[in-house]
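# Understanding the architecture of this molecule
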Protein chains: 2
Amino acid sequence: MAQTFYIPPDRLRDAARQLCLASGSPEAEAGLLAERLVKANLAGHDSHGIIRLAMYMQWMRDGIFQPGQTPRIVTDNGATCLISGNRGYGQVAAEFAMGVAIDRARQHGIAGVGVTDLSHIGRLADYAITAARASMVGMIFTATGGKSVLVAPAGGRTRRMSTNPMAVGLPSDRDFPIVFDMATSAYAEGKFRVMQDGGFSSPEGLLIDPQGKPTTDPEDFFNGGAILPAGGRNGYKGYLLNFMVEVLAGLLTGGGYLGKVEDPLFNNCTMMIVIDVTRFRELAVFKEELEDLIGYMKDSPAQQGDEVLYPGELEARRETERLRTGIPLAGKTVENLQAELDRHGVGIQLAALAQAAPAATAS
Amino acid sequence: MAQTFYIPPDRLRDAARQLCLASGSPEAEAGLLAERLVKANLAGHDSHGIIRLAMYMQWMRDGIFQPGQTPRIVTDNGATCLISGNRGYGQVAAEFAMGVAIDRARQHGIAGVGVTDLSHIGRLADYAITAARASMVGMIFTATGGKSVLVAPAGGRTRRMSTNPMAVGLPSDRDFPIVFDMATSAYAEGKFRVMQDGGFSSPEGLLIDPQGKPTTDPEDFFNGGAILPAGGRNGYKGYLLNFMVEVLAGLLTGGGYLGKVEDPLFNNCTMMIVIDVTRFRELAVFKEELEDLIGYMKDSPAQQGDEVLYPGELEARRETERLRTGIPLAGKTVENLQAELDRHGVGIQLAALAQAAPAATAS
């Protein structure tokens with residue numbers, strides 16, 4: 001087993017911030033990127049965490065996006081807006097867009113904000129949480145401008161769709177947010193990369209090989225197979241949801257859609273729908289009833305060895321744990337990030353920041 | 001095998017209309033009900049078709065709702081409204097609510113309209129289609145006011161949730177709409193009733209018995225088992241979607257939610273989100289790109305014996321077929337409906353309306 005480094009979150013955040021600054025980001029952008037990437041690791045979603053930063057550095061060298069861009073409102077119709085990320089960091093554009101959406105939902109009760117011309121936006125949950133913290137219901141739908149074709153439609157045997165995720169955040173007074181963030185494919189692509197790197201098989205019913213036959217070997221997927229839609233072999237509902245996300249985030253924003261890619265660059269075009277809870281219910285009553293609903297769900301007798309969780313509970317647990325243990329990073333991830341730190345003259349040695357591996361962890 | 005009657009749609013519609021009139025509905029309500037129920041049969045969703053009319057008659061006798069009610073806007077904030085169905089036919093209230101939502105989306109670009117205090121609303125697709133025909137993207141989320149507890153949460157082994165469906169309709173110039181309508185449970189309840197009546201087993205991975213063990217016997221479900229969320233045994237995404245629908249349609253409308261039922265009556269509380277396409281894209285371009293996306297999906301090489309369909313394609317085919325063959329109704333359904341016709345003094349003999357059974361059908 002390869003070495004794992006446990007890096008304290010604040011040290012990792014500082015390293016990410018310094019790398020962003022050194023690669024051309026202004027202070028606010030560097031801070032946002034560092035916070036969001038490390039937050040993804042804390043929540044246990046390592047595929048959307050600090051591992052992405054070396055990729056972003058490469059993307060900038062490839063001209064896919066530029067640091068320090070200012071998003072702008074392209075069309076403004078009050079309750080609906082279309083925003084351009086000006087080919088900057090997706091996180092900056094999407095956070096700006098969510099700010100506009102919250103502002104407009106406060107004015108009108110509901111808002112629909114599209115954002116396009118941006119790069120990877122990271123974890124959708126982040127924007128849903130921003131909405132929830134502003135006492136809004138936030139819904140986020142994200143496509144890829146017709147690129148990242150990885151998923152077979154229900155009944156099909158070749159790649160035709162992206163993983164097209166969606167996220168929903170709900171206001172609460174909890175320390176950790178009530179939020180979910182899910183691909184409309186059976187699994188997100190990153191999970192198969194983890195299996196591939198670790199030499200594991202996939203659970204059944206998630207993948208097909210290049211001939212369209214069921215497989216549990218992640219190599220079959222990377223060699224031209226496909227991920228099935230959410231629901232697996234019976235994934236027509238996942239296919240329908242994926243189609244919905246493509247239309248909301250790709251067609252409606254004009255960001256590009258599957259089958260017709262005019263823009264050669266990756267484009268995490270996104271639709272955000274934000275609802276001001278107070279137009280319908282008193283906020284305190286809504287939060288109280290939401291807690292009541294969660295209690296009722298969690299009170300359900302569980303399957304043996306399993307448990308009923310509320311949306312976001314697993315992430316809350318992982319964050320609690322990782323704040324203690326530090327963030328586990330594979331040697332390869334540390335190596336790639338170190339190379340970028342060195343390349344940009346940031347005098348941080350990641351391996352030296354590692355704390356001792358935890359003696360025993362809960363999960 | 002029990003007898004099947006093939007009733008011409010227009011004759012069945014007329015019988016439904018006359019029964020509604022005789023049971024106290026004004027002309028417009030009777031026409032809407034007849035049209036919608038028969039439309040569900042035409043689309044092949046018999047569980048939401050004419051079979052419901054005898055149930056509605058019983059519900060009226062039980063005082064669950066009244067005919068001839070006028071929905072009213074309870075709170076009006078422009079882009080968001082809350083509507084009461086005044087305990088009338090759900091179809092009347094929901095169609096009124098969708099009309100308001102379309103009107104407000106035209107004014108503001110996006111609208112969120114909640115509706116509660118209503119009975120069963122039938123197929124959600126109907127309202128999504130109304131939105132689509134008005135050149136809007138229509139999204140419908142429906143709960144049950146905390147009743148109809150049928151579905152186990154992911155990791156749980158007892159019923160805690162409703163089937164909480166959602167539907168999305170998209171504008172097009174096709175004769176048949178681009179629309180989907182799906183339970184966030186593995187299957188809708190009605191499908192298991194069909195299996196039970198026919199003595200069939202369920203596909204694997206959809207049901208658990210009263211002890212929480214996997215089963216394929218629909219009797220186990222009706223004897224206190226549960227439906228799994230969409231995705232079946234790996235149904236945490238279905239659970240999350242179900243939770244989302246409960247919050248949007250139950251909590252946010254104030255219509256009641258799982259675990260706390262204050263109102264003893266069935267209440268198909270609903271949230272509708274409607275987006276005016278033209279605030280984002282030229283309508284003709286949107287429709288053209290949607291056709292392009294559909295073409296790209298359908299062009300996917302298919303699994304053997306299977307096919308890639310666009311949302312609504314299956315329903316379009318069934319309707320084309322049933323317009324020719326007539327609507328197949330089980331003897332029991334005809335008997336129950338006939339009893340209501342007789343009770344209300346409507347001089348129609350359903351069995352006498354039947355056309356010859358089709359010699360051979362496509363599906």
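Structure first, text after, so check above.
This section reports on the structure supplied with the text. (Residues numbered from 1 in each chain as written. Chains lettered and ligands numbered in written order. Predicted model: local features only at pLDDT ≥ 70, side-chain atom pairs only at ≥ 80, totals over all residues. Heavy atoms only, no water.)

## Thoughts on the sheet that holds strand E11 (residues 270-276) of chain B
Residues and elements named next belong to chain B. To be explicit about the condition: Any two strands with at least two DSSP-identified bridges between them are counted as paired. Helix and strand definitions here come from DSSP, where helices need a minimum of 4 consecutive H or I residues and strands a minimum of 2 consecutive E residues; each element is numbered from the N-terminal end. Only C-alpha atoms enter the line fits that serve as axes; for helices the fit covers just the stretch in contact. Angles between N-to-C directions range over 0 to 180 degrees.
If you walk across this open sheet you meet the seven strands as E2-E3-E4-E11-E5-E6-E7, and the pairing is mixed. This sheet does not close on itself; its edge strands, each paired only once, are strand E2 (72-76) and strand E7 (178-183). Going from strand to strand, the sheet's axes swing by 15° on average, the running direction of each strand aside. Of the pairings in the sheet, the one linking strand E6 (residues 165-170) to E7 comprises six bridges and is antiparallel in character. By the bridge assignment, Met-166 is partnered in E7 with Met-182.

## Let's talk about helix H11 (residues 331-343) of chain A
Count 3.6 residues to each turn of an α-helix, and residues three or four apart come out pointing the same way. Residues and elements named next belong to chain A. The condition that has to hold: Here the expected span of a helix is defined as 1.5 Å times the quantity of residues minus one. Each residue gets one of three labels from its accessible area relative to the maximum for its type: buried under 20%, exposed over 50%, partly exposed in between, using a 1.4 Å probe on protein chains only. Contacts were defined at the residue level, with two residues in contact if any of their heavy atoms lie within 4.5 Å.
Here H11 contains 13 residues, and its C-alpha end-to-end distance of 18 Å stays within 8% of the 18 Å for a straight helix at 1.5 Å per residue. Listing the buried residues of H11 in full gives Gly-331, Thr-333, Val-334, Leu-337, Gln-338, Glu-340 and Leu-341. Among the structural elements, strand E1 (4-7), helix H1 (9-22), helix H3 (51-61), strand E12 (327-330) and helix H12 (350-353) are those in contact with the buried residues of H11. Gly-345 lies just past H11 and shows a positive phi near 70°.

## Topic: the packing of aromatic side chains
The following threshold applies: Pairs were defined over the aromatic rings of Phe, Tyr and Trp, the Trp ring being its six-membered one, requiring ring centres within 6.5 Å. Orientation was assigned from the angle between planes: stacked under 30 degrees, edge-to-face over 60, tilted for the rest. Lysine NZ or arginine CZ positioned within 6 Å of the ring centre and within 35 degrees of the ring normal marks a charge as sitting over the ring.
Applying the stated rule across the entire model yields 18 aromatic pairs over all chains. Between the NZ or CZ atom of B:Arg174 and the centre of the ring of B:Tyr310, over which it lies, the distance is 4.4 Å.

## Some thoughts on the side chain of A:Arg281
Just so we agree on the cut-off: Nitrogen and oxygen atoms within 3.5 Å of one another constitute a polar contact, given that in protein one can donate a hydrogen and the other can accept it, and given that sequence-neighbouring residues count only through two side-chain atoms.
As for its placement among the helices and strands, A:Arg281 is situated in the loop between strand E11 (270-276) and helix H9 (283-298). For A:Arg281, a relative accessible area of 15% gives the class buried. In terms of polar contacts, A:Arg281 uses its side chain to reach the side chain of A:Glu289, at 3.1 Å. Contacts of A:Arg281, omitting those with residues within four sequence positions, involve A:Phe286, A:Glu289, B:Leu251, B:Leu252, B:Thr253 and B:Gly254.

## A closer look at unusual backbone geometry
A positive phi angle is found at A:Arg87, which is not glycine, with a value near 60°. Looking at the element boundaries, A:Arg87 is found in strand E3 (residues 80-88). The exposure class assigned to A:Arg87 is buried, which follows from its relative accessible area of 16%. Positive phi values are uncommon outside glycine, yet B:Asn86 reaches one of about 50°. Note that B:Asn86 resides in strand E3 (residues 80-88). We classify B:Asn86 as partly exposed; its relative accessible area is 26%.

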